[in-house]
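Next come the chains, spelled out residue by residue.
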Amino acid sequence: MARREGFCVTLVAVAILCLAWVPSVVEATWIDPDTPEDVMKTQTVDKTSNLELVFSDEFNTPGRTFGDGKDPRWTALDKNDYTNAALHYYSPDNARTNDEGELVIQSQPKNTEVVGFNDRKGEKEVVTKHFKSAMIQSWNKFCFTGGVIETKVILPGKAHVGGLWPAFWILG
């Protein structure tokens with residue numbers, strides 16, 4: 001039996017759709033041309049308001065990378081995750097689209113030394129993060145007020161098996 005030297009987890013996001021009310025004079029230039037026509041308009045759950053698609057990304061272009069300045073919609077962060085005693089580091093090298101044009105966020109066992117702040121000592125110190133992953137965000141690239149956000153995301157693993165915590169967060 002061959003010994004396995006690590007693991008690789010892949011997250012594939014099929015589409016991210018944001019729906020928001022906008023005046024008809026606004027052109028929806030943030031819509032991916034490959035977004036299906038049937039999702040361009042919808043209604044609120046209570047059917048009291050019509051909504052028009054103003055942003056979409058199908059992630060279907062092979063070879064996209066998300067380092068700072070590489071993509072007009074998303075930025076993959078290069079940062080230490082210091083929340084909840086996290087063991088991973090976010091690297092733009094771990095976010096890309098594959099040959100099929102799917103967004104891939106890869107987690108891998110890899111040590112990364114970073115300068116962190118020790119809250120108890122009140123000083124900076126070098127810490128080792130034992131895993132590398134990625135986080136992409138649209139901060140300061142696309143902003144809107146009001147509306148609805150819809151997404152379709154395929155997460156890795158099985159719901160009843162522990163060990164991984166893949167997530168899709170919407171913060172505002």
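## As for the overall build of the chain
So, point 1. Counting secondary structure elements, the chain contains zero helices and 11 strands.
So, point 2. When its helices and strands are written in sequence order, the chain yields β-β-β-β-β-β-β-β-β-β-β.
So, point 3. Here the chain holds 172 residues, and the buried ones make up 34% of them.
So, point 4. Looking at the chain alone, contacts between residues at least 24 apart form 63% of all its contacts between residues at least 6 apart.
So, point 5. A total accessible area of about 12000 Å² is found for the chain, and carbon and sulfur atoms account for 53% of it.

## A look at the packing of aromatic side chains
So, point 1. A complete count under the given rule lists six aromatic pairs for this structure.
So, point 2. The interplanar angle of 65 degrees and the centroid separation of 6.3 Å between the aromatic rings of Phe59 and Phe66 together place this pair among those described as edge-to-face. Phe66 shares its class with Phe59; the two are buried.
So, point 3. Following the ring pairs from residue to residue traces out a cluster consisting of Trp30, Phe55, Phe59, Phe66, Trp74 and Phe142.
So, point 4. Over the face of the ring belonging to Phe55 we find Arg73, whose NZ or CZ atom lies 5.5 Å from the ring centre.

## Some remarks on the pattern of salt bridges
So, point 1. What the rule picks out here adds up to three salt bridges.
So, point 2. A salt bridge links Arg64 to Asp57, with the shortest nitrogen-to-oxygen separation between them at 2.9 Å. Comparing Arg64 with Asp57, the two get one shared label, buried.
So, point 3. For Glu125, the salt bridge identified is with Lys121, shortest N-O distance 3.8 Å.
So, point 4. By sharing partners, the salt bridges in this structure join Asp57, Arg64 and Asp71 into a single network.

## Some remarks on a nonpolar patch on the surface
So, point 1. On the surface, a nonpolar cluster with roughly 320 Å² of combined accessible area is contributed by Phe144, Ile149, Phe168 and Ile170.
So, point 2. On the secondary structure map, Phe144 appears in the loop between strand E10 (136-137) and strand E11 (148-154).
So, point 3. Residue classification places Phe144 among the partly exposed positions, given a relative accessible area of 32%.

## Describing the nonpolar core
One recurring pattern in soluble globular proteins is that nonpolar side chains are buried together.
So, point 1. One finds Val54, Phe55, Phe59, Phe66, Trp74, Ala76, Ala95, Leu103, Ile105, Ala134, Ile136 and Phe142 forming the largest nonpolar core, which totals 12 residues.
So, point 2. Those elements giving two or more residues to this core turn out to be strand E3 (50-57) and strand E8 (103-118).
So, point 3. When residues no more than four places from it in sequence are discounted, the contact partners of Ile136 are Phe59, Phe66, Trp74, Thr75, Ala76, Ala95 and Leu103.

## Quick notes on the pairing of E3
So, point 1. By the criterion of burial, E3 is predominantly enclosed, with six of the eight residues buried.
So, point 2. Connecting the antiparallel pair strand E2 (residues 41-43) and E3 is a turn made up of six residues, with Lys47 showing a positive phi of about 60 degrees.

## Brief notes about unusual backbone geometry
So, point 1. Unlike most non-glycine residues, Lys47 shows phi in positive territory, near 60 degrees.
So, point 2. Mapped onto the fold, Lys47 is located in the loop between E2 and E3.

## Re the confidence of the model for the chain
Caution applies to low-pLDDT regions: their predicted coordinates should not be interpreted in detail.
So, point 1. Chain-level statistics for the chain give a pLDDT mean of 79 and a share of 82% at 70 or above.
So, point 2. Taken together, the stretch residues 1-28 has pLDDT below 50 and engages in 81 contacts with residues farther than four places along the chain or on a different chain.

## Considering the side chain of Lys132
So, point 1. Within the fold, Lys132 resides in strand E9 (residues 123-133).
So, point 2. Lacking a salt bridge, the buried Lys132 has Asp93 as its closest oppositely charged neighbour, with an N-O distance of 5.0 Å.
So, point 3. Every residue in contact with Lys132, bar those within four places of it in the chain, is listed here: Tyr89, Ser91, Asn94, Gln106, Ser107, Gln108, Lys110 and Thr112.

The rules behind the values
- Residues numbered from 1 in each chain as written.
- Predicted model: local features only at pLDDT ≥ 70, side-chain atom pairs only at ≥ 80, totals over all residues.
- Heavy atoms only, no water.
- Helix = DSSP H or I, 4+ residues; strand = E, 2+ residues; numbered from the N terminus.
- Buried < 20%, exposed > 50% of the residue type's maximum accessible area, 1.4 Å probe, protein only.
- Contact = heavy atoms within 4.5 Å.
- Areas by Shrake-Rupley, 256 points an atom, 1.4 Å probe, with all protein chains shown as cover.
- Phe/Tyr/Trp six-rings, centres within 6.5 Å; stacked < 30°, edge-to-face > 60°.
- Lys NZ or Arg CZ within 6 Å of the ring centre and 35° of its normal.
- Salt bridge = Lys/Arg side-chain N within 4 Å of Asp/Glu carboxyl O.
- Patch = residues over 30% accessible without salt bridge, like charges linked within 9 Å, V, L, I, M, F, W, Y side chains within 5 Å.
- Core = buried A, V, L, I, M, F, W, Y, C linked by side-chain atoms within 4.5 Å.
- Pairing = 2+ DSSP bridges.
- pLDDT = per-residue confidence, 0-100.
- Lys, Arg positive; Asp, Glu negative; His and termini not counted.

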